[in-house]
Each structure stands twice: as structure tokens, then as C-alpha cells.
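# Understanding the architecture of this molecule
In case you want the letters, here they are:
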Amino acid sequence: MNWTAKARAATTSAVAVARAKPGPVASVAPNANVRASNGLKEFLWLISDIERARVLDLGPVWQSTINFFIERGYRISTEDLLRSWKDFLATEEEHLRQAPVGEGGERISQTALADKFLETALQYPEDSYHGILAWDLFDYLDGELLPRVMQRLYKMLCAGGSVLAQFHSRAPERFHRYRLVDKQTIELLPAPTIAVHARVFQNREILDIFGQFRTSKTFVGRDQVREALFLK
Amino acid sequence: MWRKPNEAKPSSPASNTPAPAPMKLQETPQAASMKSPSVSATPVVAVAPSTPAVPDVPVVASPAHVSALMNAGPSTISAGLKIRGEITGTSDLIIDGDTQGKIRLTNGCVTVGPNGRVTADIDARDIVINGTVQGNLKASGSVRLGPSSHVEGSVLTPRIGIDDGARLRGNVEMTRLGETPSAAPEPAKVPAAVRVAVANAREE
């Protein structure tokens, strides 16, 4: 699938869309922290033709996100990869602490940790998903884990499948988790920091990370968050 | 003149009996929370019941009594208990201990408490999770994932409720209400070694 091959509905105008859906203000609490997401809109459009499309959400599980996909007939899976990574590191640290002196005390490399983590995380067959919501996950993964995760995600995606990711243009002031409000709106939920923001990616670096993917599209929001949509 | 006249004391049944030994009542959390911080804690003494003590006589329960007791409420696997094997039946079950195996209560409700750790597939009418579960959840009624829940497995149900803070690693699939869920759908977990073997075979 690619953007040029898939025809868009000609009747869809901005006014029609605005009338059709209640909009973020009507569907969430007035003080909710929401942002319009063109990347999400595009992501949903790409999977809209697939019957019972399979979507993987790499953030925490939320009722609203689950409902959103279930109501549209999609199959949704969730795996909070960042929290799993944090739990894994905590467990490894505890093992090291409890190990007898001189046994297992050698410094474990980041590469070994990344490989060990992926022995249990993201365990799905190849071509399992039509879409993956990665949110801002890649901003928080270290240099050894990131390429391995990308490799795994690429294998899990069906041909024509897409990944939606967000990249901060500067280090975020606080840690957020994300959930869907409607097909064009994402809610940002402030959360206790479970991982430190690793780095700010340049556009060139983002393209390099997704080097295996066929095509890409980038959207820049008012908050300077870049949304990148990549197709396998 | 200074002699205090004998006043009639309020009669109490306890006054005629020998003074009971003081007995401390266990303080409930509710009672503790109701206490004002400025008030000093005083020992609470329970008054002995006025009725004479009943002699210890063995009680023989009638079959009807036993039956009523058995139907009184859900069965409970308390914290500290470990069970391995298959649990089947029709009554409700509360798990606050450690359970491994298989749980199948097609007409019952399975509740995993905050201390509960279950390594088993759960098949029930309703499932409420507040603890940790490694296994697939299949419900013909509903599944509720509480704020402290941590589930690793698929969820197959007509209705699902997810509280903020719940953790789910697996897929969610909806069935029709009352429909007996079929086997858990993919994606099945494939060991890394198998995947590598398959990839190698493809390359060859």
C-alpha cells in the first residue's frame, strides 16, 4: 500500500468532517491536554480498508483506545514496552545486587541487556500487524535497544503496514502517556517519569532509524512534536 | 453532714456478677481513622455479656446447614496459599494466593485479588483482575482489569472494563454477549529460537 495508490474520498471536506464528529472539546474533559494529530488521521486512513486490521499499541492500555479500535472492528493488542523495559532493568539490577561478591559482578553491556530484554518482549510472529502505534517511545530507548526494536517491529508488520511515531523537537518538560480521543485527537496524560528522555533526533536520523521502510511522511504540530508515519 | 448519702446505683446485670477480666478489643482501621489525633489513646475494654456462658457442647451440623454454608458465597484462595492444578465448578472464586494450572468456572465469577498471582488460563462468566495473571482470559460476560492489575495474555470477552493504571500485554478481542468464546486468537507467542529457525529455513 502507498499513499498515491489509495484513493481518498472526494466528498470529505474540512467542514463536513467538523460537523461529523464532536471534536476534542466535546469528547474529553475541558482541562484535558489534547492535541490534534494529522499523523493519526493518516494512520487510520491507511488501515481503514483492511478488514479486521490488527493494531499494536506500544503504550499503556486505556479503555478509550481499546474502545476506539474495537468499535471499528479492529483487533487491538497492547504492550507497554517502555514500562517493560524499566521493569526489566530493575529486575536485572536486583539480581546483580543479590549476586554473591565476585559472581556475576562483571559489568553487563547495554548490548547484552537489549538482547536479553527482547528474548521476552515483542514476541509476535512475523507479519502480525497492520499498524503499530509507537507514540514517543523511540525518544526514550537507548542506542543499543532502539535498532533492535526497530528490526523487530519491521518483522512484525505486514507488507504495507504502518508505524506511527512521535519525536520531540526538544526535551519534553515532563513525561506523558498517550491515548486516543477520536480519530484525529490524542490526549496527553502527565505521568510519573518511568524513563529519561534519551535524545532529540534530527530529521535525518529519524529517516535512518526507519531506513528499512519504504516510504515516510512527517507532520509537525504546533507544539513542535514531529509525527512520522512509515510504511513497510 | 459530710457523709455522702447512699445513692441508688443504676442496676446492671454485670454488677451482680464478678468483675470480668479486662479484654482488649482489636482496633479496626476504620476506628483508627476516626480517632482524633489530639485525643490520647485509651484502652478499650469490652464488657462481658450478661448472659451466662454456654457450655462447650459439640454442634452437629445438619445436611441442610452444610448445604447452606456451601452455597453462602464465593470460595476463596487466600493469600499465602499455593494451588497447582485444574479448578472447575460453577460457584464464584476469589483468588488472593498463588495459583497455577487451569481455571474453568463457566457460570461463575473469578476475582483475582491484589495479592493474587495466577499462572493459568481463566475461563469464566465474569473475570475481575486486581492482581497478576499470566494466561488468557476468556469470559462470556465481562472482564474487568483493575488499577493494580497486570495481565500477560489475550482477553476474549463481549465486554471489557479497564481502569487507569491497568497493565495488559496481549490482545483484546470482543465476542458477542453470551457467546462462548472460542480458542484464543493469534498472535501466539513464538519462542525466539523457533523464529530464527523459520527465518533460516526461508533463507535457504
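The notes below deal with the structure included here. Every residue gets a number counted from 1 within its own chain, in the order that chain's sequence is written. Following the order in which they are written, the chains are lettered starting with A and the ligands numbered starting with 1. Side-chain atom pairs in this predicted model are given and counted only at pLDDT of 80 or more, local residue features only at pLDDT of at least 70, and totals for whole chains, interfaces and linings cover all residues. Just so you know, side-chain values use all the structure's heavy atoms and leave hydrogens and water out.

### Some details on the interface of chain B and chain A
Interfaces are often described in size by the accessible area the parts lose on coming together. Chain B puts 22 residues into the contact, and the matching count from chain A is 26 residues. By convention in these notes, a salt bridge is any Lys or Arg side-chain nitrogen within 4 Å of a carboxyl oxygen on Asp or Glu. For the interface between chain B and chain A, the tally reads four salt bridges. The salt bridge partner of B:Arg167 is A:Asp87, with a shortest N-O separation of 2.8 Å. Polar contacts, as counted here, are pairs of nitrogen or oxygen atoms within 3.5 Å of one another; within protein the pair requires one atom able to donate a hydrogen and one able to accept it, and residues that are adjacent in sequence qualify only if both atoms are side-chain atoms. In this structure, the connection of chain B to chain A is made through nine residue pairs in polar contact (both at pLDDT 80 or more). Contributing elements (two or more residues each) for the side of chain B that touches chain A: β10 (160-162), β11 (167-174) and α3 (192-203) of chain B. By the criteria applied, helices consist of DSSP H or I runs no shorter than four residues and strands consist of E runs no shorter than two, each listed in order from the N terminus. In terms of residue count, β11(B) provides more of the side of chain B that touches chain A than any other element does, eight residues in total. Any residue outside Ala, Val, Leu, Ile, Met, Phe, Trp, Tyr, Cys, Pro, Asp, Glu, Lys and Arg is labelled polar, Gly included; the first ten of those are nonpolar and the last four are charged. Tallied by class, the residues present in the side of chain B that touches chain A amount to eleven nonpolar, three polar and eight charged. Only heavy atoms matter for contacts: two residues are in contact if any of them lie within 4.5 Å across the pair.

### Section: the nonpolar core
Within the largest apolar cluster, 50 residues are counted, with the highest numbers of intra-cluster contacts made by A:Phe43, A:Phe69, B:Ile103, B:Ile122, B:Ile129, B:Leu137 and B:Leu145. A:Phe88, A:Tyr124, A:Tyr129 and A:Leu157 belong to the second-largest nonpolar core, a separate cluster that totals 41 residues. Remark: nonpolar core denotes a set of buried residues (Ala, Val, Leu, Ile, Met, Phe, Trp, Tyr, Cys) joined through side-chain atoms within 4.5 Å. Here the term buried applies to any residue with accessible area under 20% of the maximum for its type, exposed to any over 50%, and partly exposed to those in between, with areas from a 1.4 Å probe on protein chains only.

### Digging into the pattern of salt bridges
One side chain can pair with another of opposite charge once the charged atoms of both are near each other. Residues and elements named next belong to chain A. Across all of its chains, the model carries 22 salt bridges over all chains by this definition. Two residues, Glu94 and Arg97, come together in a salt bridge whose shortest N-O distance is 3.0 Å. One end of the pair, Glu94, and the other, Arg97, are both in helix α5 (residues 81-98), three residues apart, so they sit about a helical turn from each other. In this structure, the salt-bridge partner of Arg148 is Glu144, at a minimum N-O distance of 3.4 Å. Under the relative-accessibility criterion, Arg148 is labelled partly exposed at 25%. Residues joined in a network through salt bridges with shared partners are Arg35, Asp223 and Glu227.

On their own, these measurements won't tell you what the molecule is for.
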